[in-house]
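# Secondary and tertiary structure notes
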Amino acid sequence: MKFLHTSDWHLGRAFHRVNLLGAQAVFIDHLIETVRAHEVDAVLVAGDVYDRAVPPLPAVELYDRALHRLADLGVPTVMISGNHDSARRLGVGAGLIDRAGIHLRTDPAGCADPVVLADAHGDVALYGLPYLEPALVKDEFSAQKVSHEAVLGAAMDRIRADLAARAPGTRSIVLAHAFVTGGQASDSERDITVGGVEAVPASVFDGVDYAALGHLHGCQTINERVRYSGSPLAYSFSEADHRKTMWLIELGAQGEIAAAERIDTPVPRALARLRGRLEHLLEDPAHQEHEDAWVEATLTDPVRPDDPMARLAARFPHTLTLAFDPEGRREETGASYAQRLRGRTDQEIAEDFVAHVRGGGHADEAERAVLQGAFDDVRADDSHRETHR
């Protein structure tokens, strides 16, 4: 049985100031053609369908057209909500849409209610596990603590129990939206840290034949049975080196991964991260290949040049961001502010602030606990408001 695994569409998102809805529509065209050309048996969409809880109307219209086209193909689609989606909004009409072969799984309580497909070798149970905000679902799953690992582990226990009650030899797939240990993040994913921990071990998915993951925007293989499809488009310059793809997975008669192929998605425009003195960037012939790319430029001139953006745009008309990191500054004052923050969590930044205003001395254990509790409360409140507004 063949499955097309995709995720993180982020419909309605822009790339800096560039509207990507047209590129997202091209991706949907490509998705439909891939399903048709490869005779796919089911489509798996592992969350973050939209970029925000209340998406713009054109994004909703594109989503609606995508569902109609998938339904017209007669190919079942299983779709879960991600941390960017409003689960309740995405799940509106799920019971009715289900009749058209579009199976929305946005309610954590229904995670052990699979979509069951069949082929010549028997049944395949597809479980949709939407993004689980630990503070909001802890009681639902009777989790021992508020953490991603605890709630995801409890949800998977339910799935394994349901699977064990099915006919012997039933194959299984789970869709999940989480940060799994070993995955490589980029700058465009929203932080989901809770209690200082955001990653869960891949072993949480033991017992199922394939875990189709969403959340991380780079296509990657955690192990043979646990994979991220990544986003179909680049949503930050940190993804400049990504090859954007979907996974075409073939599940064998015994639940083995008989084949795993990456299907490239359309690239609206290449990305380039350029660094150097302005005159060098404008004159170096090696940069000719980037002249039609979306450009992130970092100028290292000791003195800020006159009118740098306009001069860059003369050669690189699609320059989107411009930063300055003068040569010698790092030796004199350390890394730039942006560099110091890159890759750091909200908790770490807050602890640095405590040390700064104190004039030295790190936050102690009690202070760290207070800060972490505040961040967890804000994150849970944001999720609650997005879900219920």
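Reading the values: the criteria
Residues numbered from 1 in each chain as written. Predicted model: local features only at pLDDT ≥ 70, side-chain atom pairs only at ≥ 80, totals over all residues. Heavy atoms only, no water. UniProt positions renumbered as here; feature names shortened; annotations may be inferred. Phe/Tyr/Trp six-rings, centres within 6.5 Å; stacked < 30°, edge-to-face > 60°. Lys NZ or Arg CZ within 6 Å of the ring centre and 35° of its normal. Pairing = 2+ DSSP bridges. Helix = DSSP H or I, 4+ residues; strand = E, 2+ residues; numbered from the N terminus. Axes fitted to C-alpha atoms, helices over the stretch in contact; angles between N-to-C directions. Core = buried A, V, L, I, M, F, W, Y, C linked by side-chain atoms within 4.5 Å. Buried < 20%, exposed > 50% of the residue type's maximum accessible area, 1.4 Å probe, protein only. Contact = heavy atoms within 4.5 Å.

As recorded in an unreviewed UniProt entry, the chain goes by Nuclease SbcCD subunit D and comes from Streptomyces avidinii. Within the UniProt record for the chain, the comment given under Function (unreviewed entry) is "SbcCD cleaves DNA hairpin structures. These structures can inhibit DNA replication and are intermediates in certain DNA recombination reactions. The complex acts as a 3'->5' double strand exonuclease that can open hairpins. It also has a 5' single-strand endonuclease activity." UniProt annotates the chain under Sequence similarities (unreviewed entry) with the comment "Belongs to the SbcD family."

Okay, the packing of aromatic side chains next. Tallied over the entire structure, the rule returns four aromatic pairs. Here the aromatic cluster, defined as three or more aromatic residues joined through ring pairs, consists of Phe15, Phe237 and Trp294. Sitting over the ring of Trp247, Arg227 keeps its end group 4.5 Å from the ring centre. Note that Arg304 overlies the ring of Phe324, its terminal NZ or CZ placed 3.8 Å from the centroid.

Glancing now at the sheet that holds strand E15 (residues 245-251). In a beta sheet, neighbouring strands are held together by backbone hydrogen bonds and run either parallel or antiparallel to one another. Taken together, the six strands give an open sheet; going across it, the order is E6-E5-E4-E1-E15-E16, and neighbouring strands pair in mixed fashion. Whereas interior strands pair on both sides, the edge strands pair on one side only; in this sheet they are strand E6 (102-105) and strand E16 (257-264). Between one strand and the next, the sheet's axes are offset by a mean angle of 20°, whatever the strand orientation. Where E15 lies against E16, seven bridges are found, and the strand directions are antiparallel. By the bridge assignment, Ile249 is partnered in E16 with Ala260.

Leu129, Leu132, Leu152, Met156, Val174, Phe205 and Leu213 are the most contacted members of the largest nonpolar core, which totals 31 residues. What Leu152 contacts, discounting residues up to four positions off in sequence, is Leu129, Leu132, Ala178, Val200, Val204 and Phe205. Within the second largest apolar cluster, 27 residues are counted, among which are Leu31, Val43, Val45 and Leu67.

As a further point, take the sheet that holds strand E8 (residues 122-129). Taken together, six strands build an open sheet; the order of strands is E7-E8-E9-E12-E14-E13 and the sheet is mixed. Only two strands of the sheet have a single partner each, and these edge strands are strand E7 (115-119) and strand E13 (220-223). Geometrically, the sheet is characterised by an average inter-axis angle of 20° between neighbouring strands, direction not taken into account. In terms of strand pairing, strand E12 (residues 210-214) meets strand E14 (residues 226-228) through three bridges, oriented parallel. Within the sheet, the bridge partner assigned to Leu213 lies in E14 and is Tyr228.

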